[in-house]
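Read off the chains here:
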Amino acid sequence: VQLQASGGGLVQAGGSLRLSCKASGRTFNNYAMGWFRQAPGKERELVAAISRSGLQTKYADSVKGRFTISRDNARFTIDLRMSSLKSEDTAVYYCAADEQIRAPRLFHSDEYEYWGQGTQVTVSS
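This text gives an overview of the structure that appears in the document. Since the structure is predicted, the reported quantities are computational estimates derived from the model, not experimental observations.

What counts and what doesn't
Residues numbered from 1 in each chain as written. Predicted model: local features only at pLDDT ≥ 70, side-chain atom pairs only at ≥ 80, totals over all residues. Heavy atoms only, no water. Buried < 20%, exposed > 50% of the residue type's maximum accessible area, 1.4 Å probe, protein only. Helix = DSSP H or I, 4+ residues; strand = E, 2+ residues; numbered from the N terminus. Pairing = 2+ DSSP bridges. Disulfide = S-S within 2.5 Å. Lys, Arg positive; Asp, Glu negative; His and termini not counted. Salt bridge = Lys/Arg side-chain N within 4 Å of Asp/Glu carboxyl O. Polar contact = N/O pair within 3.5 Å; in protein donor to acceptor, adjacent residues only side chain to side chain. Contact = heavy atoms within 4.5 Å.

Attention shifts here to the pairing of strand S9 (residues 91–98). With six of eight residues buried, S9 is to be regarded as a mostly interior element. For strand S4 (residues 32–38) and S9, the ladder comprises seven bridges, and the chain directions are antiparallel. Its bridge partner being in S9, Gly34 is matched across the sheet by Ala96. Relative to strand S11 (residues 119–124), S9 is paired through three bridges, and the arrangement is antiparallel. Looking at S11, one finds that Tyr93 is bridged to Thr119. Looking at chain direction, S9 and strand S10 (residues 114–115) are connected through two bridges and run antiparallel.

Quick look at the structure:
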C-alpha cells in the first residue's frame, strides 16, 4: 500500500488543522492505520490509531480530547482532526499502515510496516 499525507501547515496556538492520508494500491480496509509524529531531536511518537473497521480508536495521552482520527474506507482515506493546538504539537506527521495489526495492538508502534512521506505541522505561540 502507498500512503500520501497532506494538510500540514502553520497555525497559531489554539487553532485547528486537519491532516489527510490517501492510500492506494491495496484493499484499504485490510489495514489498521496510525498517525505518528516526530519533532526535532525527539523520538517518533504514535499519537492516534484506528482499526480496520474504524470502530476502535486509540490516542496518546498528550493529544486525547484534542485530536480525532477517522477513516473512510470507501475513499481510502484517514483524517486527523487537530484542535486546541499547542506549540509542542509542532512536528512532522506521518501516516502509517499495517495489515497484521488488530485492535488490541493498535498502539504497538513498531509493528506498522507502511509509511507515508510526512507533512509538517508548525504551531506558533
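Tallied over the full model, the rule gives one disulfide. Shown here is the disulfide that connects Cys21 with Cys95, its sulfur atoms set 2.1 Å apart. Handedness here is read from the sign of the S-S torsion; for Cys21 and Cys95, about 65°, the answer is right-handed. Of the two residues, Cys21 is situated in strand S3 (residues 17–24) and Cys95 in strand S9; the sequence distance between them amounts to 74 residues. Exposure class is identical for Cys21 and Cys95. Each is buried.

Here Asp98 lies in strand S9. Arg102 is the oppositely charged side chain nearest to the buried, salt-bridge-free Asp98, at an N-O distance of 6.6 Å. Polar side-chain contacts of Asp98 include one of 3.2 Å to the backbone nitrogen of Ile101. Among residues more than four places away in sequence, those in contact with Asp98 are Asn30, Tyr31, Ala32, Glu111, Tyr112 and Glu113.

By the secondary structure assignment, Asp79 is in strand S8 (residues 77–82). Judged by its relative accessible area of 13%, Asp79 falls in the buried class. Residues within four places of Asp79 in sequence aside, it is in contact with Arg18, Leu19, Ser20, Trp35, Thr68, Ile69 and Ser70.

If you check the backbone angles, Phe76 has positive phi at about 60° while not being a glycine. Residue position: Phe76 is located in the loop between strand S7 (67–72) and S8. Looking at Phe76, the relative accessible area reads 27%, which means it is partly exposed. Positive phi outside glycine occurs at Ser84, with the angle close to 50°. Relative to the helices and strands, Ser84 resides in the loop between S8 and S9.

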